[in-house]
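So you can see what is in the structure, the chains are spelled out below.
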Amino acid sequence: MVEQKEITLKPMSKGFHNIDHLILNAFDKLPEIGVITIFVKHTSAAIMINENADPDVQTDLQSLLNKMAPEGAHYYTHTMEGTDDMPAHFKSTIFGQSLTIPITDHNLNLGTWQSVFFCEFRNYGGNRRIVLTLNY
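What comes next is a walk through the structure. (Residues numbered from 1 in each chain as written. Predicted model: local features only at pLDDT ≥ 70, side-chain atom pairs only at ≥ 80, totals over all residues. Heavy atoms only, no water.)

## Regarding unusual backbone geometry
Inference 1: Residue D105 is not a glycine yet carries a positive backbone phi of 55 degrees.
Inference 2: With respect to the helices and strands, the residue D105 is situated in the loop between β5 (98-104) and β6 (107-108).
Inference 3: In this structure, H106 takes a positive phi of about 70 degrees despite not being glycine.
Inference 4: Here H106 lies in the loop between β5 and β6. (Helix = DSSP H or I, 4+ residues; strand = E, 2+ residues; numbered from the N terminus.)

Here it is, written out as structure tokens:
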């Protein structure tokens, strides 16, 4: 069986946002066993699994990304949408737009310190759309 939902995320600040609760709340109940695919419908945002215990991980990720793709660099040609747009496209390419996570015993089968994070790479990204596809 397949079930699919599309949810809209309210505007979020630039950074990494734990969305485990949004995924779980999108469905009445997750199945006993299955998989869920999470897909971000944007080219300047992404999705990742990472550590949920120490926020320094997200801070350090942001620092590393900003060194790799600084805003307003003179060598960008795609600049019509702002100084943060091209770096956001690059960052989303590194992280990617989708994840597939196993479901076991009605829960996301993640590791002890893992969570799903929405990655907002724009300064003012606006509403964002995510598609959740549940297969069981």
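## A short note on the pattern of salt bridges
Proximity of charged atoms lets side chains of opposite charge pair with each other.
Inference 1: This structure, assessed with the given rule, holds six salt bridges.
Inference 2: Where K14 meets E71, a salt bridge forms, and the shortest distance between an N and an O atom there is 2.1 Å. Taken together, the positions of K14 in the loop between β1 (2-9) and β2 (15-18) and E71 in the loop between α2 (56-68) and α3 (85-95) put the pair 57 residues apart, joining distant regions of the chain.
Inference 3: For E71, a relative accessible area of 35% corresponds to the partly exposed category.
Inference 4: One salt bridge connects R128 with E120, and the closest N-O pair in it is separated by 2.8 Å.
Inference 5: Judged by its relative accessible area of 0%, E120 is buried. (Salt bridge = Lys/Arg side-chain N within 4 Å of Asp/Glu carboxyl O. Buried < 20%, exposed > 50% of the residue type's maximum accessible area, 1.4 Å probe, protein only.)

## Comments concerning α2
Inference 1: Between its first and last C-alpha atoms α2 spans 18 Å; for 13 residues at 1.5 Å apiece the expected length is 18 Å, and the two agree.
Inference 2: Those residues of α2 that sit buried are Q58, L61, Q62 and L65. Projection of α2 onto a plane perpendicular to its axis shows the buried side chains occupying an angular sector of 100 degrees, all on one side. Exposed residues lying more than 90 degrees from the buried face of α2 are L64 and K67.
Inference 3: Contacts made by the buried residues of α2 are with β2, β4 (45-51), α3 and β7 (114-120). (Expected span 1.5 Å × (residues − 1). Arc of directions from axis to C-beta. Contact = heavy atoms within 4.5 Å.)

## Section: the sheet that holds β5
Inference 1: Read from one edge of the open sheet, five strands run β1-β8-β3-β5-β6, paired in antiparallel fashion. Looking at the sheet topology across the chains shown, the edges are occupied by β1 and β6.
Inference 2: Sheet analysis places strand β3 (residues 33-40) next to strand β8 (residues 128-135), joined by six bridges and oriented antiparallel. In the strand pairing of β8, I38 is matched with L132. (Pairing = 2+ DSSP bridges.)

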